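Structural characterization, general
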Amino acid sequence: MNLKERIDQVEQRITEACARSGRNRNDVNIIAVTKYVSLDMTASVLDRGLQHIGENRWQDAQAKWNAFGNRGTWHFIGHLQTNKVRDVIDKFQYIHSLDRLSLAHELEKRAAALNLQVSAFMQVNISGEESKYGLPPEKAAEFLKEINSLSHVKVTGLMTMAPYESSAEQTRPVFRGLRQLRDELNKQALTAEPLTELSMGMSNDFEVAIEEGATWVRLGSILVGKEED
């Protein structure tokens, strides 16, 4: 299956998931995760009209960003070490892995120096897996209060990763939990503007995530395939 066919198939599945859950297709955004593909494939992804590019590590993303950084909207979706903030701060419009105060303050410091605002997703470990990064759900409200004074970091929503399950349906409680947590946080009015975004769902489970309210799905192998540079 070539790239166009994969895009068409994914688009059909997203449209059907939106129809099943009574959602507007335009409310779901695709992030093409290009961490395992070449420069040529990344160019093809952009040529096909997929404007949101997701990368996990700056070391892997650097050559692609140098080649195509002006062509799309870039999302940093992996765990972000504090000492790597300087590398990504002015290149990635969205950070999907805000999970600790030290990272929030480093993002604020670097963004303030460049006079820009970073859009961030607070990463929450809904599943409770020890191998997953993210704040425990019960710490989310406290975290938002602690970073509320930061003027260059805007938390627009929440992000989570579900465990890999043989049946995507088994991931539903995780995605539902993130949506419910967002709604609870909004009731507390902890942010200047309501949290609207949910970054959740990957190749194995994106349809269930959409049914539960995902606004951003992060799709790698099912969309762009997998190859090494």
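This text goes with the structure placed above it.
Summarised in this report is the structure supplied together with it. Here the structure is a predicted model, which is why all the values come from computation and not from measurement. (Residues numbered from 1 in each chain as written. Predicted model: local features only at pLDDT ≥ 70, side-chain atom pairs only at ≥ 80, totals over all residues. Heavy atoms only, no water.)

A count of helical and extended segments in the chain gives nine helices and eight strands. Computed over C-alpha atoms, the radius of gyration of the chain comes to 17 Å, within 12% of the 17 Å expected from 2.2 N^0.38 for 229 residues, which places it in the range of a compact globule. Taken along the three principal axes of its C-alpha coordinates, the chain extends 50 × 40 × 30 Å. Each of the 229 residues in the chain was classed as buried or not, and the buried ones make up 51%. For the chain, the computed accessible surface area is about 10800 Å², with 44% contributed by carbon and sulfur atoms. Here the chain holds 28 positive side-chain charges and 32 negative ones, and the gap between their average locations is 2 Å. (Helix = DSSP H or I, 4+ residues; strand = E, 2+ residues; numbered from the N terminus. Rg over C-alpha atoms; globule rule 2.2 N^0.38 Å. Buried < 20%, exposed > 50% of the residue type's maximum accessible area, 1.4 Å probe, protein only. Areas by Shrake-Rupley, 256 points an atom, 1.4 Å probe, with all protein chains shown as cover. Lys, Arg positive; Asp, Glu negative; His and termini not counted. Charge placed at Lys NZ, Arg CZ, Asp CG, Glu CD.)

Moving on: the nonpolar core. Ranked by size, the top nonpolar core spans 67 residues in total, and within it Leu-98, Leu-107, Met-122, Leu-185 and Leu-223 carry the most contacts. With six residues, helix 1 (residues 3–21) is the single largest residue contributor to this core. (Core = buried A, V, L, I, M, F, W, Y, C linked by side-chain atoms within 4.5 Å.)

The next thing to look at is the packing of aromatic side chains. Enumeration over the complete set of coordinates arrives at five aromatic pairs. Judged by centre distance (5.4 Å) and plane angle (85°), the rings of Phe-76 and Phe-92 are edge-to-face. With a gap of 16 residues between them, Phe-76 in strand 3 (residues 73–76) and Phe-92 in the loop between helix 4 (85–88) and strand 4 (94–98) connect regions that are remote in the sequence. The exposure class of Phe-76 is buried, given its relative accessible area of 2%. What makes Phe-92 buried here is its relative accessible area of 3%. Following the ring pairs from residue to residue traces out a cluster consisting of Trp-58, Trp-74, Phe-76 and Phe-92. The ring of Trp-65 has Lys-91 lying over it, and the distance from NZ or CZ to the ring centre is 5.6 Å. (Phe/Tyr/Trp six-rings, centres within 6.5 Å; stacked < 30°, edge-to-face > 60°. Lys NZ or Arg CZ within 6 Å of the ring centre and 35° of its normal.)

Time to look at helix 2 (residues 39–47). The complete set of buried residues in helix 2 reads Met-41, Thr-42, Ala-43, Val-45 and Leu-46. Buried residues along helix 2 sit in contact with helix 1, strand 1 (29–33), strand 2 (52–55), helix 3 (58–68) and helix 9 (221–224). Once helix 2 finishes, Gly-49 follows within two positions and takes phi at roughly 95°, a positive value. (Contact = heavy atoms within 4.5 Å.)

Within strand 5 (residues 118–123), six of the six residues are buried, which leaves the element mostly enclosed by the surrounding structure. Residue alternation in strand 5 divides its side chains into two sets, Val-118, Ala-120 and Met-122 and Ser-119, Phe-121 and Gln-123, and both sets are buried. Where strand 4 meets strand 5, three bridges bridge the pair, whose relative direction is parallel. Each bridged residue has a counterpart across the sheet, and for Leu-98 the counterpart in strand 5 is Met-122. Direction of pairing for strand 5 relative to strand 6 (residues 153–159): parallel, over a ladder of six bridges. Across the sheet, Met-122 pairs through a bridge with Leu-158, a residue of strand 6. Viewed along the sheet, the connection from strand 5 through helix 6 (residues 140–146) into strand 6 turns out right-handed. (Pairing = 2+ DSSP bridges. Right-handed = clockwise from strand over helix to strand, strands pointing away.)

For the rest of this paragraph, the subject is unusual backbone geometry. Look at Asn-115: it is not a glycine, yet its phi comes out positive at around 55°. With respect to the helices and strands, Asn-115 occurs in the loop between helix 5 (101–114) and strand 5. Judged by its relative accessible area of 68%, Asn-115 is exposed. Backbone geometry at Ala-189 places phi at a positive 50°, although glycine is not the residue there.

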